[in-house]
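Results of the structural survey
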Amino acid sequence: MKRFNILFLALLAAACVRVAEPAPCGPVPSERQLRWHDMERYVFIHFTTNTFTDLEWGYGNESEQIFNPTACDPRQWADIVSRAGFKGIVLTAKHHDGFCLWDTKYTEHNIMNSPYGRDLVREVSDACREYGLKFGIYLSPWDRNHPDYGTPAYIDYYRNQLTELLTNYGDIFEVWFDGANGGDGWYGGADERRTIDNLTYYDWPVTWEIVRKLQPGATMFSDGGPDCRWVGNEAGYAGETNWCTLNKAEFAPGHADTYALNHGQEDGTDWLPAEVDVSIRPGWFYHQREDGRVKTVDQLMDIYYKSIGRGGNLILNVPPDRRGLFHPTDSANLIEFGKAIEKEFAHNYAGQAKFEASNVRGGSRRFAASQVADNGYWATDDGVTEASLTASFRHPVTLSKIVLQEHIALGQRVQAFTVEAMIDGQWQTIDSQTTIGHKRILRFDPVTTSAIRVNITAAKACIALDNVGLY
Ligand code: FUL
């Protein structure tokens, strides 16, 4: 008996010796960025005088009197957004026309002087909290209304506005810095041309410090980060190859190499993942003429797979109409989109599979999917950059989607992989891809199979996968 106890304890002790975690590979995400990755999808809301003038880029000479939504209800927006399973809202507190949706003390060109007369940033942030959503702001650097735009005085004005927004409306999860400045186009009510140098005028590092100080949890978006990057298009897709790393120093708001933004840079110096911004309508603002052109659930699902399914986050724009409500078609499609995502990922067959790997870091080759090896994820021994993970089923299952996630807390590693299915006793390749990152979803024609094999065929360092989902 005694002997048995000793043996048992020895075995237990051996089991408890933690296998050393893999060393980080290249740049790794900050805690803030990891939280951001987990948000995956949120809604953008474009609303300003443009909604009433039918423009996409207001000139800046609009009267405050035209901003007059008759039934504005941010609680309706938040209700629909949360019912669709989105995690937050980013509101255009000020678009390029310069009209401010909050009670700012720095300009009269604001909502308090409109017939609406209430602080909409306050109302939206309150509604977000009520519906369990995070709240973020967009503050356009380009301002076609402000008389000082183009001079250093405007930068002070911009920073003062930012300070108001970051101080008075609770926690902000994201601050969106748009790179658009209209080239050397017409700069507003004053009918003047004012050219700025995108690279030097805004002196971004100083502005970013304000965000860090006032809202340390907020992620900052721009063409060059510092926390997440533009994906290089407004059509709703990340590159099939999508690295979360980028040479940050080569990018700045308004200074974009769209190919690199779309694909990332494999050996980039910084963790700078892609955010995919796209509108549910052709325009960013509501136009009645586009009521028949709201993206369908199928189109939205396609965007889902090409954004979140390629390791990016999705910020989907849903613009309120002139009443200040989501249009019924937008609302219905958004909710159905949320339901479609839930339905497609309702049953994960990984739970009933037996997993086996060709290499497991410091240990046995067999493990449960739920506790993928020692550290809660599947990792291979140092130097092992090619390995296979096989999920076998007692009875064949029909699958059409595979979700893979890397343990990105330690960096992004996988450069190439294939997926095979055992069909009628033969392995058949069903897809061959490159990067994984935060999440990779592969869609394929349904296969009835008794086993699935994921072969990592190239990686920058040993493999570390967090999750395998089979649907
Ligand atoms: C662009 C802007 O010019 C559009 O109006 C919109 O705000 C989009 C999200 O970003 O750069």
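Quick caveat, the model's predicted, so the values are computed rather than measured.

Considerations on helix H4 (residues 74-83)
- Those residues of H4 lying buried are Pro74, Gln76, Trp77, Ala78, Ile80 and Val81.
- Looking one or two residues past H4, Gly85 carries a phi angle of roughly 80 degrees, positive in sign.

Observations regarding the layout of surface pockets
- Of the volumes computed, that of the largest pocket is approximately 310 Å³.
- His96, Asp178, Ala180, Glu234 and Trp284 are, among the 19 residues lining the largest pocket, the residues nearest its centre.
- In the lining of the largest pocket, the residues fall into 9 nonpolar, 5 polar and 5 charged.

Overview of the domain arrangement of the protein
- Examined at the domain level, the protein breaks down into domain 1 (9-19 + 348-470) and domain 2 (40-344).
- For domain 1 and domain 2, the distance between their C-alpha centroids amounts to 37 Å.
- Contacts between the two partners involve 17 residues from domain 1 and, on the opposite side, 17 residues from domain 2.
- Across the domain 1 to domain 2 interface the summed buried area is about 1,500 Å²; carbon plus sulfur atoms make up 47%.
- Linking domain 1 with domain 2 are 5 salt bridges, by the criterion used here.
- One salt bridge connects Asp267 with Lys460, and the closest N-O pair in it is separated by 3.4 Å.
- The interface formed by domain 1 and domain 2 holds 15 residue pairs in polar contact (both at pLDDT 80 or more) in total.
- Those elements that provide at least two residues to the side of domain 1 that touches domain 2 are strand E15 (414-423) and strand E17 (440-459).
- Element by element, the count of residues in the side of domain 1 that touches domain 2 is highest for E17, at 3 residues.

Cut-off values and rules
- Residues numbered from 1 in each chain as written.
- Predicted model: local features only at pLDDT ≥ 70, side-chain atom pairs only at ≥ 80, totals over all residues.
- Heavy atoms only, no water.
- Buried < 20%, exposed > 50% of the residue type's maximum accessible area, 1.4 Å probe, protein only.
- Helix = DSSP H or I, 4+ residues; strand = E, 2+ residues; numbered from the N terminus.
- 1 Å grid on protein atoms, 1.4 Å probe; cavity = no way out; pocket = protein on both sides within 12 Å on 5 of 7 lines; lining within 4 Å.
- Points joined across faces, edges and corners; volume = space filled by probe spheres on them.
- Nonpolar A, V, L, I, M, F, W, Y, C, P; charged D, E, K, R; others polar.
- Domains from an automatic or database assignment.
- Contact = heavy atoms within 4.5 Å.
- Buried area = accessible area lost by both parts, 1.4 Å probe.
- Salt bridge = Lys/Arg side-chain N within 4 Å of Asp/Glu carboxyl O.
- Polar contact = N/O pair within 3.5 Å; in protein donor to acceptor, adjacent residues only side chain to side chain.

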